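Remarks on the overall topology
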Amino acid sequence: MIPYIGLLLPEVKKVLVDPIPEVRSVAARALGSLIRGMGEENFPDLVSWLLETLKSDGSNVERSGAAQGLSEILAALGKDYFEQILPDIIRNCSHQKASVRDGYLTLFKYFPRSLGVQFQNYLQQVLPAILDGLADENESVREAALSAGHVLVEHYATTNLWRTTSEEKRELERLEKPIYNSVRRAAEVHRQVRKYIKGILKPGMLMIDLCETLENTVRKVIWENSLQAGIAFPTGCSLNW
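Residues numbered from 1 in each chain as written. Predicted model: local features only at pLDDT ≥ 70, side-chain atom pairs only at ≥ 80, totals over all residues. Heavy atoms only, no water.

**Some words on the overall build of the protein**
Regarding its fold elements, the protein presents 11 helices and zero strands. Counting from the amino terminus, the protein carries its helices and strands in the arrangement α-α-α-α-α-α-α-α-α-α-α. Residues classed as buried in the protein amount to 38% of the 241 residues present. For the protein, the proportion of contacts with a sequence separation of at least 24, taken over those separated by at least 6, is 63%. (Helix = DSSP H or I, 4+ residues; strand = E, 2+ residues; numbered from the N terminus. Buried < 20%, exposed > 50% of the residue type's maximum accessible area, 1.4 Å probe, protein only. Contact = heavy atoms within 4.5 Å.)

**Here's the deal with the nonpolar core**
Of all hydrophobic cores here, the largest spans 50 residues; its most connected members are Phe 108, Phe 111 and Phe 119. Mapped onto this core, the elements with two or more residues apiece are α1 (5-16), α2 (21-38), α3 (46-54), α4 (60-77), α5 (79-92), α6 (98-115), α7 (123-134) and α8 (139-156). If one sorts the elements of this core by residue count, α6 sits on top with eight residues. In this structure, Phe 108 is in contact with Leu 86, Ile 89, Ile 90, Cys 93, Phe 119, Val 126, Ala 129, Ile 130, Ala 148 and Leu 152, ignoring residues within four places of it in sequence. Counting six residues, the second-largest nonpolar core is a separate cluster that includes Val 189, Val 218, Ile 222 and Ala 229. (Core = buried A, V, L, I, M, F, W, Y, C linked by side-chain atoms within 4.5 Å.)

**A closer look at the packing of aromatic side chains**
A full pass over the atoms with the stated rule returns seven aromatic pairs. Arranged with centres 6.2 Å apart and planes meeting at 75 degrees, the rings of Phe 82 and Phe 119 form a pair that is edge-to-face. Placement of Phe 82 in helix α5 and of Phe 119 in the loop between α6 and α7 is noted, with a sequence separation of 37 residues between them. Using a relative accessible area of 0% as the deciding quantity, one classes Phe 82 as buried. Members of the aromatic cluster, joined through ring pairs, are Phe 82, Phe 108, Phe 111, Phe 119 and Tyr 122. If you follow Lys 13 out to its NZ or CZ, it ends over the ring of Trp 49, 4.6 Å from the centre. (Phe/Tyr/Trp six-rings, centres within 6.5 Å; stacked < 30°, edge-to-face > 60°. Lys NZ or Arg CZ within 6 Å of the ring centre and 35° of its normal.)

**Things to note about the packing of α2 against α4**
For the pair α2 and α4, the least separation of the axes is 8 Å and the interaxial angle reads 30 degrees. The angle between α2 and α4 falls in the class roughly parallel. Note on packing geometry: the crossing formed by α2 with α4 is right-handed. Contacts between α2 and α4 pair Arg 24, Ser 25, Ala 28, Arg 29, Leu 31, Gly 32, Ile 35 and Arg 36 from the former with Val 61, Ser 64, Gly 65, Gln 68, Gly 69, Glu 72, Ile 73, Ala 75, Ala 76 and Leu 77 from the latter. Residues of the contact of α2 with α4, tallied by class, amount to eight nonpolar, six polar and four charged. (Axes fitted to C-alpha atoms, helices over the stretch in contact; angles between N-to-C directions. Parallel < 35°, antiparallel > 145°, perpendicular 65-115°, else oblique. Left-handed = near helix turned anticlockwise from the far one by under 90°. Nonpolar A, V, L, I, M, F, W, Y, C, P; charged D, E, K, R; others polar.)

**Some details on α6**
End to end, α6 covers 26 Å across 18 residues, agreeing with the expected 26 Å (1.5 Å per residue, within 8%). Its maximal kink placed at Lys 109, α6 deviates by approximately 35 degrees, while the proline Pro 112 follows within four residues. Of all 18 residues in α6, 15 are buried; the element is thus mostly enclosed. A positive backbone phi angle near 65 degrees is found at Gly 116, which sits one or two residues after α6. (Expected span 1.5 Å × (residues − 1). Bend = angle between axes of the 7 residues up to and from the residue.)

**Looking at the side chain of Gln 68**
One can find Gln 68 in helix α4. Classification of Gln 68 as buried rests on a relative accessible area of 11%.

What follows is the structure, given as structure tokens:
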């Protein structure tokens, strides 16, 4: 296998930045398996390439692929290597460039999956960086931090360690409250409009009249206000023959 590394690795790198998440996952796991089976010494520039890709001004897809690949490799390289590189990862979460903050925060989305329960030992070091990311001025950085926070809650919400850091959990929930309120408001608008339309719907009604009535009712119920509140997309309908 070693003689073919020069041919194999460039192809795996291409797949690692594929637009399809499932394809990136396969490539990331493949990198981890290669490191476990053949050793880091046969891939001397791989970690540095992934770190540079995390810092790139390219697409979120590229940075996400690099983050996923690096998480699998760090899991393969062991605890000592991970603890050596973790301070640098946390430091770059507050980098002056938003793309760098985005890339490094995305790592925390994948560490729980690649490292498993081992990663919970580092939560108290990692959580402040995620909380800072949630308050970042850049939307992409905030989304990366929120995604990482969701994964941490999903994996560690029931552990003793998470209960000892419940203050951070409450802060995450507080920051997500506006999202929950928006979802609840949209659900209530849907309920009211559906009830109203069912009351006026009758055979022979023109579809254009139905759609316009529905959309106008939504505008009234939601108190339409430019981009703050309104119709997300036009009403879709079709004749039932």
